[in-house]
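# Understanding the architecture of this molecule
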Amino acid sequence: MPLLVAGTGACILIVEVLAVRILAPYFGNTIYTFSSVISVVLAALSAGYYAGGHLIDRSPTFPTFFLAILLGGLSVLLLHLLTTILLPFIGFGLSPISGPLLLSSLLFGAPCFFLGLLSPMAVRLHNNLNAQEGIGGSAGDIFCFSTLGSIAGSLLAGFVLIPSFGITSILITIGVALVALGLLGLLLSGKGLSASWLFGFGILLALVIAGEIVARTPQKGVLLLHEGLYEQIAVVDSEWKGRPVRFLRQDRNLSSAMLTDAPLTELVFDYTKYFAVQKILPPHIARALFLGAGAYTLPRLLLQEQPSAEIHVAEIEPALPAIASTYFALHSDPHLRTFARDARHFLHEAEEPYDLIYGDAYASGFTVPPHLLTQEFFQQVREKLSPDGIFIGNFFGNLTATAPSFVMSAMHTFRSVFPNSTFFAVNDRTSLHPQHVAFVGQNSPSPTDFCSPKLQNSSDTFIASLCEKVIAVST
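## Section: the pattern of salt bridges
It is possible for side chains of opposite charge to pair when their charged atoms get near one another. Under the defined criterion, the tally for this structure stands at ten salt bridges. A salt bridge links Arg-243 to Asp-261, with the nearest nitrogen and oxygen atoms 3.3 Å apart. Separated by 18 residues along the polypeptide, Arg-243 in strand E3 (residues 243–250) and Asp-261 in the loop between strand E4 (253–259) and strand E5 (287–291) bring together distant segments of the chain. Residue Arg-243 is classed as partly exposed on the basis of its relative accessible area of 28%. By relative accessible area, which is 44% here, Asp-261 ends up partly exposed. Across the pair Glu-305 and Lys-279 runs a salt bridge whose closest N-O atoms are separated by 3.2 Å.

## Remarks on the sheet that holds strand E1 (residues 222–227)
Taken in spatial order, the four strands make up an open sheet running E1-E2-E3-E4, and their pairing is antiparallel. With partners counted over all chains shown, the strands left at the sheet margins are E1 and E4, one partner each. Along the sheet, successive strands turn relative to each other by an average axial angle of 25 degrees, direction set aside. In this sheet, strand E2 (residues 232–240) lies alongside E1 in antiparallel orientation, the contact comprising five bridges. The partner of Val-222 across the bridge, within E2, is Val-236.

## Focus: the state of the cysteines
All told, the structure shown has one disulfide when counted by the stated rule. Disulfide pairing is shown between Cys-451 and Cys-467; the S-S distance is 1.9 Å. Looking along the S-S bond of the Cys-451-Cys-467 disulfide, the torsion reads about 90 degrees, which is the right-handed sense. Linking Cys-451 in the loop between strand E11 (435–442) and helix H14 (453–456) with Cys-467 in helix H16 (residues 466–469), this pair joins segments that are 16 residues apart in sequence. With relative accessibility at 30%, the residue Cys-451 sits in the partly exposed group. The exposure class of Cys-467 is buried, given its relative accessible area of 14%. Here Cys-11 is not cross-linked by a disulfide; its sulfur's nearest cysteine counterpart is in Cys-112, at 11 Å.

## Thoughts on the sheet that holds E5
Note: strands within a sheet are paired through backbone hydrogen bonds, in either parallel or antiparallel orientation. The strand order across the open sheet built from seven strands is E7-E6-E5-E8-E9-E11-E10, with neighbouring strands paired in mixed fashion. Bordering the open sheet on either side are strand E7 (336–339) and strand E10 (421–425), each of which pairs with just one other strand. Across this sheet, the average inter-strand angle for adjacent strands is 15 degrees, counted without regard to direction. One ladder, built from four bridges, connects E5 with strand E8 (residues 354–359); its direction is parallel. The residue bridging Leu-291 from the neighbouring strand is Gly-359, located in E8.

## A few points about the pairing of E5
Of all five residues making up E5, five are buried, and the element is well covered by its neighbours. Neither face of E5 is open: one carries Arg-287, Leu-289 and Leu-291, the other Ala-288 and Phe-290, and all of them are buried. In the sheet, E5 pairs with strand E6 (residues 310–314) via five bridges, with the strands oriented parallel. Within the sheet, the bridge partner assigned to Leu-291 lies in E6 and is Ala-314. The parallel pair E5 and E6, bridged by helix H9 (residues 297–305), forms a crossover whose chirality is right-handed.

Thresholds applied
Residues numbered from 1 in each chain as written. Predicted model: local features only at pLDDT ≥ 70, side-chain atom pairs only at ≥ 80, totals over all residues. Heavy atoms only, no water. Salt bridge = Lys/Arg side-chain N within 4 Å of Asp/Glu carboxyl O. Helix = DSSP H or I, 4+ residues; strand = E, 2+ residues; numbered from the N terminus. Buried < 20%, exposed > 50% of the residue type's maximum accessible area, 1.4 Å probe, protein only. Pairing = 2+ DSSP bridges. Axes fitted to C-alpha atoms, helices over the stretch in contact; angles between N-to-C directions. Disulfide = S-S within 2.5 Å. Right-handed = clockwise from strand over helix to strand, strands pointing away.

See below:
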């Protein structure tokens, strides 16, 4: 009995971890997603504990217990069916704030409720088998093993199952295993299933198989779907402003893009064009570091412009270099090295200074990881720059001083470390709508006048337009 409860505890935590990954492509790994999943799981488990205790008091038998396991397995299979067929059609249409709570309730409430039935049932049945132990001892045994199973499930989900097998295989395996265990337990306890039960189970199984067929049917333009360590990664051929483009999508973010009808030097997204600022600022780029690379659009561009430069990339998602090589024309070069490390950890251990550091590290939902927005991080960046080195960063938000955008606050934090700094609104510096903002910080104390006649009269239209994009930030 304790081992059965340990197994169900593991299933609950695996489903909870998977829940965040299931919702992330539609809503991001935001605080709303985590809060919604945790709240729904706890609420469903609470309801399951309450109902399970009362059910087992009315019918303290093993068939009741194994029927609950069977229902738990069926609900997991139904969860997989809904995420395969329903979620792609409604996910993007819901609010990123209320959507996670609504879908968490719809998708994960039933599995957690039925699995929650098992713990109080196991306490009663274990006590019936070991009456001399007492109800306290029985409860202690069950909850101890349940918690140990939960710990094992949490570790397995993050370190083994998701990286190795992906969400679909895990859900189907859990659902089938629980159904098989429930059926076996019912048969061994002498409780058969009615024809209506078997018919319903057959219908659900047929729907799951149909869902798998639909899920495995290649979608238009989708070249790759991959469960990364940190997000779902997709490579998609589509269009952008009427031109054929290949996108790298990380959860709901279009993190990189490459025109398939033009030279690799032609950039797709407007914010990436602000990388050209480094051409008009000293120093000559001999060493460069990119914090986050996506499909390696900008590292590859710099390598073409500066073939002898030493380029390092700190990219926390280990699958991206191979994806960039296969789908985005990234070729092996001895001057380009990738380190699968967090940006701050890499900077902490970096020994030699860089002439250029480019920051483009994003979590889901257009949010920069909070530890890459602090004064300590920007100070760390400046310490790793050469005396005339520059930092260029891509940030996103609206130009207001209130939540949910913290770009203005980030500007003040950045300027406290880089007194010689300039900020560019990629779309319109007078707009309060969310947009990309380019941060440029120079280690040199000599400020650059981006509104100088020389730059405004440049033959390069992008360089000539920089003055119109400069954001005034009060000191």
